[in-house]
Each structure stands twice: as structure tokens, then as C-alpha cells.
Amino acid sequence: MSVGSALTLLIVYSAGHLKEISSLPIFIQQVAQLPNGWYIFISVQAVSHLFTYLIPALVYWYLFEHRRWADFQTNSLKAVSGLWLGLLSVIVILPFNELIINWNQHLELPGLIENLADWIHRKEQESTLQTKLLVAFKSADQLLIAILVVGFVASIGEEVFFRGIIQRWLMKWTVNAHVGIWLAAIIFSAVHFQFSGFFPRILLGVLFGYLYFWSGNIWVAIVAHFINNSLIVINAYIQQPACLDLGLKLHTNNWFWAMLSAIGATILLFFFQRLNYRRTVHLY
């Protein structure tokens, strides 16, 4: 992570010609004013993410666990039955997740953590500024770059880190796959430091966790994560100049569609689990 931070500073100072970075919001505002600001910022995001999640996870996996990439899988991708069911559930669950997003955004912080309110509020503002700059597309090539970084780089890094490493160890320590999956999802959501998106991100983390556990293949979780993130990016591009906050804005606050979404996703996941039941092997 320290190496990643040094590289991001190198990118900023060499390409952005910024003299001083006193805080993240000021940095984002300064970068946004540069002619090539978006490219600088997306490069910083890519490098930072790689050195925060994927590279540390692989260093640990290879040097400390003495394992290979193939050891993240207990099944080959070809051996996963009904793959389309699991991946389709990521799309079907979007209206329900949108309902959870709207509910979460209206939650008030408990009085016990009132002292943290200012810090959480600052983190929310920083996340909003980052989101606004990331989705400020001006061309199709920027859309493709954003899909590569926000879609693929983020997906492979977070899935290897949280599902491949963290979830595996939590399942081993708790001797319970379900507890391990939910705890990993909570950690996954918490480290994003976005209270307004805490619960919907847990839901997605749980979904990715079960897809990995039932399929026995890390690529299933990576592709599912990629689909979710890419849809967010594509939707932001389509809705320009509107800004997307936390998820795909479907403008469907209707309870009927949200419940239909939850039921549909549950059915898809049920059949996906049943089709892969005999192949489900403990990943720890």
C-alpha cells in the first residue's frame, strides 16, 4: 500500500503538476480543473486499488500460504452448472438493492457513535466527490477505461482479497460457511467507509460470497462483481450529466418491483445452489 501511495503521488506530480495536496477533497477539486484531470484521477484509482487489494492478496497467497492461483478454485469454470443463473441474479436483484440503498440513505447514525458523525460525514463527502469525478465522462474511450478500472480492476482485486482470502479464513476460523460469508461481507462493506451504502454493499458482498462458495470458482464472483460495477458505470454514462451515487438508478421505488426482484433473485440462487450442490466443496 505504501508503494501504491508513492506511485499515485508520482502520477499526480508528474502528470498533474500539482504543487500541494493537503486533503483528498482539495486534491479532487484540483485534478478536476486540469485538462487531463479525469485521466490522472482514474490512473490514481487503478494504481491505488491494485496496491490496496490485489497485489497484497497475491503476495500473501504466494509467499505466505505458498499456494498458486489455481488454489483459489476447487472447480473449473466449465464444471460450474447453471452459471448464467448465478450471474443473472446480479441483475435481477438490482431493484431490491435500490430499495435498500434508499432506506440506508435515510438512516440516522445511532447516538452511541455521535462523536464519529463528523468523520463519517467527511468520508461521505469524499466518496461523493470521487464518484462525481469518476462518472464525469466526456467520450466513449473514457467509458471503456472506466469499465476497465471500476469494473474489472476493482472486481478482481476485491474478490481475491475479500472472498479468496478473508472469507476463506473466516470460514475456517468459525467452522461455518454462512458465518464466514456474512462476516466477510460486513468487512467488505465497512472498509469502503460509506455509511449511506453500508447495508446494500453487505447484500452484494453476501451475494458474491455465496456465488463463490457454491461454484467453487473465484472467477464466478469476479464476473458477478464486474457485471454489477459495469452496469453502474454504463448507466452513469447513459444518464449524463446526472451523477450516480451508490448503485444503478432504476427509478423503481415501487415495493412491488423490489419484492419481485428479491423473489426472482432468490429463485435463481436457489436453483444455482441446487445445480452445484454435489460439487460444493469447502474452500478452507
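This is a predicted model, so every value here is computed, not measured.

So, how was this worked out
- Residues numbered from 1 in each chain as written.
- Predicted model: local features only at pLDDT ≥ 70, side-chain atom pairs only at ≥ 80, totals over all residues.
- Heavy atoms only, no water.
- Helix = DSSP H or I, 4+ residues; strand = E, 2+ residues; numbered from the N terminus.
- Expected span 1.5 Å × (residues − 1).
- Buried < 20%, exposed > 50% of the residue type's maximum accessible area, 1.4 Å probe, protein only.
- Arc of directions from axis to C-beta.
- Polar contact = N/O pair within 3.5 Å; in protein donor to acceptor, adjacent residues only side chain to side chain.
- Salt bridge = Lys/Arg side-chain N within 4 Å of Asp/Glu carboxyl O.
- pLDDT = per-residue confidence, 0-100.
- Contact = heavy atoms within 4.5 Å.
- Phe/Tyr/Trp six-rings, centres within 6.5 Å; stacked < 30°, edge-to-face > 60°.

Caption draft 1: Geometry of helix α11 (residues 255-275). Helix length check: α11 (21 residues) gives 30 Å between terminal C-alpha atoms against 30 Å at 1.5 Å per residue, within 8%. What α11 keeps buried is the set Ala258, Ser261, Ala262, Ala265, Leu268, Leu269, Phe272 and Gln273. Take α11 and look down its axis: the buried residues cluster within an arc of 135°, on one side only. More than 90 degrees from the buried face of α11, the exposed residues found are Phe256, Ile263 and Thr266.

Caption draft 2: Broad picture of unusual backbone geometry. Phi at His66 is positive, roughly 55°, even though this residue is not glycine. Inspection of the secondary structure puts His66 in the loop between α3 (37-64) and α4 (83-92). Look at Val175: it is not a glycine, yet its phi comes out positive at around 55°. On the secondary structure map, Val175 appears in the loop between α7 (140-174) and α8 (177-190). Residue classification places Val175 among the exposed positions, given a relative accessible area of 62%.

Caption draft 3: Highlighting the side chain of Ser261. Among the structural elements, Ser261 can be located in helix α11. What makes Ser261 buried here is its relative accessible area of 4%. From its side chain, Ser261 meets the backbone nitrogen of Phe96 in a polar contact 3.2 Å long.

Caption draft 4: How the structure looks around the pattern of salt bridges. If you walk through the whole model with that rule in mind, you get three salt bridges. Two residues, Glu65 and Arg67, come together in a salt bridge whose shortest N-O distance is 3.5 Å. In this structure Glu65 comes out as buried when scored by relative accessible area, which is 17%. With its nearest N and O atoms 2.8 Å apart, the salt bridge here joins Arg163 to Glu159. Taken together, the residues Arg163 and Glu159, both in helix α7 and four residues apart, mark about one turn of the helix. No difference in accessibility class separates Arg163 from Glu159, as the two residues are buried.

Caption draft 5: Main features of the confidence of the model for the protein. Averaged over every residue, the pLDDT of the protein is 83; residues scoring 70 or more account for 80%. Counting contacts from residues 242-248, a segment whose pLDDT is below 50, to residues more than four positions away or on other chains yields 26 contacts.

Caption draft 6: Region of interest: the packing of aromatic side chains. A full pass over the atoms with the stated rule returns 15 aromatic pairs. Relative to Phe161, the ring of Tyr53 has its centre 5.4 Å away and its plane inclined at 80°; by these criteria the two rings are edge-to-face. Of this pair, Tyr53 sits in helix α3 while Phe161 sits in helix α7, placing them 108 residues apart in sequence. Judged by its relative accessible area of 23%, Phe161 falls in the partly exposed class. Measuring from centroid to centroid gives 5.5 Å for Tyr53 and Phe162, while their planes differ by 50°, and the two rings are tilted. Here the residue Tyr53 occupies a position in helix α3, and Phe162 occupies one in helix α7, the gap between them amounting to 109 residues. On the basis of relative accessible area, Phe162 is assigned to the buried category, the value being 1%. Members of the aromatic cluster, connected to one another through ring pairs, are Tyr53, Phe161, Phe162 and Phe188.

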